Amino acid sequence: MSDLSARRSLPGLAFPEESLRRLAAHLTDRFSGVFGAETIERYVLESYTSLLRTSTVTAFLVTNTGRYAADRLTALAQAKGAIAKDVPEVLFVCEQNAGRSQMAAVLTQALSGGRVHVRSAGSAPAKGLNPTVMAVMTELGLNLDEEFPKPLTDDVVQAADVVVTMGCGDACPVYPGKLYQDWELADPAGQPTQEVRRIRDQIRHQVEAMLTTLGVDPEPLPLP
């Protein structure tokens, strides 16, 4: 019996089996020759149940599961050397993955012009992104509508070249050969818009400095 079939008997769990089965089949094709079907299925189930614990809106849960599982599988393949890393990998970690780490990830992606690959995660992910954070990022022409809080997993840490922590304590495992940085930033949760803007601008300066150390010249941000 497959893991998907075995989950049928779990009480109270909204489990869209057919959608997840199709997702697992798609990822099995995508990662053919890298991972077997059982590994893919396990990652899909783990990713789904992890996001289900914190999601208040389930309309995009399967879609987000696909993105989350695919990114974790890519990270695992990178860590094992099965997939080459064409650009530096940066991981941002904060507690809720709803504010600071999300702003840092989107700013890094925009300022690097794709010359750095970015991931973000939370040691205790929130149910959704901070609305004020989303608003102040929109002021810079950066859209967070498709982002969502994700739990921190070991695979994304192993794949990272640079790990930046922001108030998440000792939740992030330490591996040799990686650059670890801890950015002291106020938590935007519950803060007024002006304070969140200040935190955003501080993160932007930190990101620009980090990119310089990676040999990447920051690009101008798109106009709103």
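Up top you'll find the structure we're talking about.
Conventions and cut-offs
Residues numbered from 1 in each chain as written. Predicted model: local features only at pLDDT ≥ 70, side-chain atom pairs only at ≥ 80, totals over all residues. Heavy atoms only, no water. Core = buried A, V, L, I, M, F, W, Y, C linked by side-chain atoms within 4.5 Å. Buried < 20%, exposed > 50% of the residue type's maximum accessible area, 1.4 Å probe, protein only. Helix = DSSP H or I, 4+ residues; strand = E, 2+ residues; numbered from the N terminus. Contact = heavy atoms within 4.5 Å. Salt bridge = Lys/Arg side-chain N within 4 Å of Asp/Glu carboxyl O.

Novice: Whenever I open this one, the nonpolar core confuses me. Can you help?
Specialist: Generally speaking, nonpolar side chains in soluble globular proteins are found buried as a group. Phe92, Leu107, Trp183 and Ile203 are the most contacted members of the largest nonpolar core, which has 32 residues in total. Those elements that place two or more of their residues in this core are strand E1 (89–94), helix H5 (100–112), helix H6 (131–138), strand E3 (162–166) and helix H8 (193–213). The dominant element in this core, judged by the number of residues it contributes, is H5, at seven residues. With residues up to four places along the chain from it excluded, the contact list for phenylalanine 92 reads Ser101, Ala104, Ala105, Thr108, Val118, Arg119, Ser120, Ala121, Val164, Met166, Trp183 and Met210. Residues Leu27, Leu51, Leu61 and Leu76 belong to the second largest nonpolar core, which totals 20 residues.

Novice: Explain the pattern of salt bridges here, please?
Specialist: When charged atoms on two side chains of opposite charge get close, those side chains can pair. Within this structure, the stated rule accounts for 15 salt bridges. Taking the shortest distance from any N to any O, the salt bridge between glutamate 18 and arginine 22 comes out at 4.0 Å. Residue glutamate 18 and its partner arginine 22 are located together in helix H2 (residues 17–30), separated by four residues, close to a single helical turn. A relative accessible area of 43% means that glutamate 18 is categorised as partly exposed. A salt bridge links arginine 72 to aspartate 155; the shortest N-O distance between them is 3.2 Å. Of this pair, arginine 72 sits in helix H4 (residues 61–80) while aspartate 155 sits in helix H7 (residues 154–159), and the two are 83 residues apart along the sequence. Exposure remark for arginine 72: the relative accessible area of 7% places this residue in the buried category. Take aspartate 155: its relative accessible area is 6%, and that puts it in the buried class. Salt bridges sharing partners connect three or more residues here, namely Arg42, Glu46, Arg72 and Asp155.

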